[in-house]
Amino acid sequence: MSSLTIRRIIVWVVSLGLGFVTALLIITVGFGILPSLSLPPIITPVQSVPVSIERYGIIYFITTAGPLALVYLIWLDYFLGTKILPD
């Protein structure tokens, strides 16, 4: 394999991993922890319950992580010069 192919594989793996981790952080922190840090509740206090992937939904998680991975892919492609996307 050429060095370009190895760099392309690395870009895909890293971007998918970063997309997965970013989506996981958005789901757990955004839906689980941040609501408990909001202003004083009007009726009842909001409990800080972490949201899991199963509760959020696997299909919703994939449609959240996919575009994030593509954003990482675009920037890694640009900086590493793998030419995955046409110029």
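A short tour of the structure in this document, coming up. (Residues numbered from 1 in each chain as written. Predicted model: local features only at pLDDT ≥ 70, side-chain atom pairs only at ≥ 80, totals over all residues. Heavy atoms only, no water.)

Judged by side-chain polarity, Met1, Ile6, Ile9, Ile10, Val13, Val14 and Leu18 come together as a nonpolar surface patch covering roughly 650 Å² of accessible area. With respect to the helices, strands and loops of the structure, Val14 is situated in helix α1 (residues 3–33). The partly exposed category is assigned to Val14, whose relative accessible area is 35%. (Patch = residues over 30% accessible without salt bridge, like charges linked within 9 Å, V, L, I, M, F, W, Y side chains within 5 Å. Areas by Shrake-Rupley, 256 points an atom, 1.4 Å probe, with all protein chains shown as cover. Salt bridge = Lys/Arg side-chain N within 4 Å of Asp/Glu carboxyl O. Helix = DSSP H or I, 4+ residues; strand = E, 2+ residues; numbered from the N terminus. Buried < 20%, exposed > 50% of the residue type's maximum accessible area, 1.4 Å probe, protein only.)

Among the secondary structure elements, Gly81 is positioned in the segment after α3 (58–80). For the pair Gly81 and Arg8, spaced 73 residues apart in sequence, the C-alpha to C-alpha distance is 9.1 Å. Sequence-distant contacts of Gly81, that is, excluding residues within four places in its chain, are made with Leu4, Arg7 and Leu76. (Contact = heavy atoms within 4.5 Å.)

With that settled, the discussion passes to the side chain of Ser15. Its location among the elements puts Ser15 in helix α1. According to the relative accessible area criterion, Ser15 is buried, its value standing at 1%. For Ser15, the contacting residues outside a window of four places in its chain are Ala69, Tyr72, Leu73 and Leu76.

In this section: unusual backbone geometry. A positive phi angle, close to 55°, is found at Lys83, a residue other than glycine. Its location among the elements puts Lys83 in the segment after α3. A relative accessible area of 54% means that Lys83 is categorised as exposed.

Moving on, we come to α3. When the terminal C-alpha atoms of α3 are compared, their 31 Å separation across 23 residues agrees well with the 33 Å that a helix rising 1.5 Å per residue should span. Within α3, burial applies to Phe61, Ala65, Ala69, Leu73 and Asp77. Gly81 sits one or two positions beyond α3 and adopts a positive phi of about 65°. (Expected span 1.5 Å × (residues − 1).)

Okay, the packing of aromatic side chains next. Counted under the stated rule, the structure contains five aromatic pairs. With 5.2 Å between their ring centres and 80° between their planes, Phe20 and Phe61 make a pair best called edge-to-face. Here Phe20 is found in helix α1, whereas its partner Phe61 is found in helix α3, with 41 residues between them in sequence. On the basis of relative accessibility, which here comes to 39%, the residue Phe20 falls in the partly exposed class. Summarising the aromatic geometry, the rings of Trp75 and Tyr78 are spaced 6.3 Å apart at their centres and angled 85° between planes, so their arrangement reads as edge-to-face. Placement of the pair is Trp75 and Tyr78 together in helix α3, with a separation of three residues, close to one helical turn. (Phe/Tyr/Trp six-rings, centres within 6.5 Å; stacked < 30°, edge-to-face > 60°.)

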